[in-house]
Every structure is written in structure tokens, then in C-alpha cells.
Amino acid sequence: MTSIDQLIKRVRSGPRPIVILSHRRSGTHLTIDLIRKQFEGSTPPMRPFASLTTLYLSMDKLRPGHHAPMPAEAAVDKLATAKHLVMKTHARPDADGRLPEFEDNEPLIQAMIDHAFKINVVRDGRNVLSSQHIYEQGYNPDARLPTSDFLRTSFQGEPRPAFWAGHATSWKHTPDVLTVTFEDIIRSTDDVLTRIGEHLGIEPRRTRPLLPMKQPISKLARAMNRALARGETTAIEGRPSKGVAPVKWRAAWSAADRRHFDEHAGDTLIELGYEPDHSWARDA
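Worth saying up front: this structure is predicted, and the values here are computed from it rather than measured.

Undergrad: Give a detailed account of helix α4 (residues 106-115), specifying residues and quantitative values.
TA: Most of α4 is tucked away: 8 of the 10 residues are buried. Restricting attention to buried positions, one finds in α4 the residues Glu106, Leu108, Ile109, Gln110, Ala111, Met112, Ile113 and His115.

Undergrad: Tell me what's going on with the pairing of strand β4 (residues 117-122), and back it up with residues and numbers.
TA: Where burial is concerned, most of β4 is hidden: 6 out of the 6 residues are buried. Side chains Phe117, Ile119 and Val121 project from β4 onto one buried face, and the interleaved Lys118, Asn120 and Val122 project onto a second face that is buried too. Across 5 bridges, the pairing between strand β1 (residues 18-22) and β4 is parallel. Bridge pairing in β4 places Val19 opposite Lys118.

Undergrad: Can you tell me about the packing of helix α1 (residues 4-13) against α4, naming the residues and giving the values?
TA: Viewed as axis vectors pointing N to C, α1 and α4 meet at an angle of 5°, and their least axial separation amounts to 9 Å. Judged by the angle between their axes, α1 and α4 are roughly parallel. Contacts from Ile4, Leu7, Ile8, Val11 and Arg12 in α1 reach Pro107, Leu108, Ala111, Met112 and His115 in α4.

Undergrad: Quick rundown of the sheet that holds strand β3 (residues 86-89)? Include the residues and the values.
TA: Taken together, the 5 strands give an open sheet; going across it, the order is β2-β3-β1-β4-β7, and neighbouring strands pair in parallel fashion. Among the strands making up the open sheet, the edge pair consists of β2 (57-58) and β7 (177-181).

Undergrad: Summarise the nonpolar core; cite the residues concerned and give the values.
TA: Counting 26 residues, the largest nonpolar core has Met87, Leu108, Ile109 and Met112 as its most contacted members. Where this core is concerned, the elements lending two or more residues are α1, β1, α3 (72-79) and α4. Counting residues per element, this core draws most heavily on α4, at 5 residues. When sequence neighbours within four positions are dropped, the list of residues in contact with Ile109 reads Met59, Leu62, Leu99 and Phe102.

What counts, and at which threshold
- Residues numbered from 1 in each chain as written.
- Predicted model: local features only at pLDDT ≥ 70, side-chain atom pairs only at ≥ 80, totals over all residues.
- Heavy atoms only, no water.
- Buried < 20%, exposed > 50% of the residue type's maximum accessible area, 1.4 Å probe, protein only.
- Helix = DSSP H or I, 4+ residues; strand = E, 2+ residues; numbered from the N terminus.
- Pairing = 2+ DSSP bridges.
- Axes fitted to C-alpha atoms, helices over the stretch in contact; angles between N-to-C directions.
- Parallel < 35°, antiparallel > 145°, perpendicular 65-115°, else oblique.
- Contact = heavy atoms within 4.5 Å.
- Core = buried A, V, L, I, M, F, W, Y, C linked by side-chain atoms within 4.5 Å.

What follows is the structure in C-alpha cells.
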């Protein structure tokens, strides 16, 4: 078996990937697909009927306990499938900049991130948690709660708003990380492509339309795309069923909900430019 040290040596001497650092439900796959569409060398060829997961690398599969684990050697092998393969992780560094949740694989993960072009994608945390609530209901019975109750649950030992805030700012304050917002990707795509291009040192194609296509609703259409090796979108469905409608925080959150979020993450909303001050929490 290849040792971790040998794998790290291969990573450091191999192609330079692009890693998307993001909280869940923040536009991770939109960013992956935007880069794959607009930047040369960022995507491997897709074979007919192949899984969309062959088009990028989820580093979180190297975390112990993952529902679909990947051997470390297979992950390193995959880096060679494109000049700048796009990777993703939802992991958040601790106060020392480490990623302890990967346990024995942490040195390898650190080497992969250090070697990569790093892009931090953030989204308004109020929309993130509203989307997360709906998404988690598809696999987590504990998430099938009223909005106010879900907002007050914990994630990895922290209040959910605090975890979102810590995730966004920890990567934002990490050296050599480009931070872009989900909202700018949607509304100012051309400008975001310019910023990403400067970060990568690669001129974007600016293929129109600039944004990647959305995932087809029809299962048949999705199957046809795979059969024809159409891999423009790797998006993950955000709703557990047709019967669960998206929740908008402005309509669903009470005054107490706003204050709760603001207490734990209000300063981050201001830092990221989503609010000018804390008055939004009092304007219910």
C-alpha cells in the first residue's frame, strides 16, 4: 500500500487542482460547473453513462465515516485526470488552520489544499440555513422540525448560524484564498469570471450563456444527459421531495429568529456585505 508520505509527494509534484471551499448549500456545484465550463483544463472527459461525480473530486470522501468513502490513493489518482481538476470540501479549519475531522488523512488533505488554487464561495447565511433545512429533511429525521426549532439546533457542536459564520470567515482570512459570493456569481457573472481568471492565471472562455445549465427536473432527461455524456451540470437536488416547498427566511423567520441569527452571525453578515448594520434583526 502506498504511504501517505508517498501520496503527498505525488500531489506536490502533480497537476495543480482548483479547490472550492464552501459551507453546504452555498453554491458549491454552481461554482464547480462554472469553472468547468469557462476555464480550459478544469474538467476530465466524460464517458457515456458515467456518474457526474467523475467530473470533480469530493475531498470529503476521505473523511472517516463518510457514506461513500474513497481510498486516498484513488483520490490522488483522480487528480491526474485533468490539468486543473476541480475539487470541493465543506470542511472548516480550526483555530490553528488544521482540518482534524479527516483524522489520519489530514496531512494529505492539507497537501492537496496547499497545492491547489483556493476559492471560498460564500452565500448569505440566512438563505444557506433555509436551504439546509429543506435539504436535510431528505435524509435526517432530526431536521424535520419547524423553522424556528431547526435554526436553534447545533451543527458540529455550535449553533448553526455560528458555524456558518465561522466557516465563511475562516477561509476568507486564509492566505491565497479568493472569496466570491454566490450572489455575485448569479448577478455579476462576467466580473466573477474575471476575478477567478486572474486568480488562476487562465483567461476565461466566456462561453454564452455564462452560467452552466440547471439540472433537468425529469429523471429521463437526466438519464439522457448521462447517456450522451453531457456533463455541464453536476448540481445536487436541493429538495427532498416535490411536496416540500422552499422556505424564504424573510417570510418564515420570527423576530426572535432574526435576533438569534444576528446574535451568532450578525457581524459576519456585515463583514461580507449582506447588511450595513444590525438593524435588519429588529425590522421584523
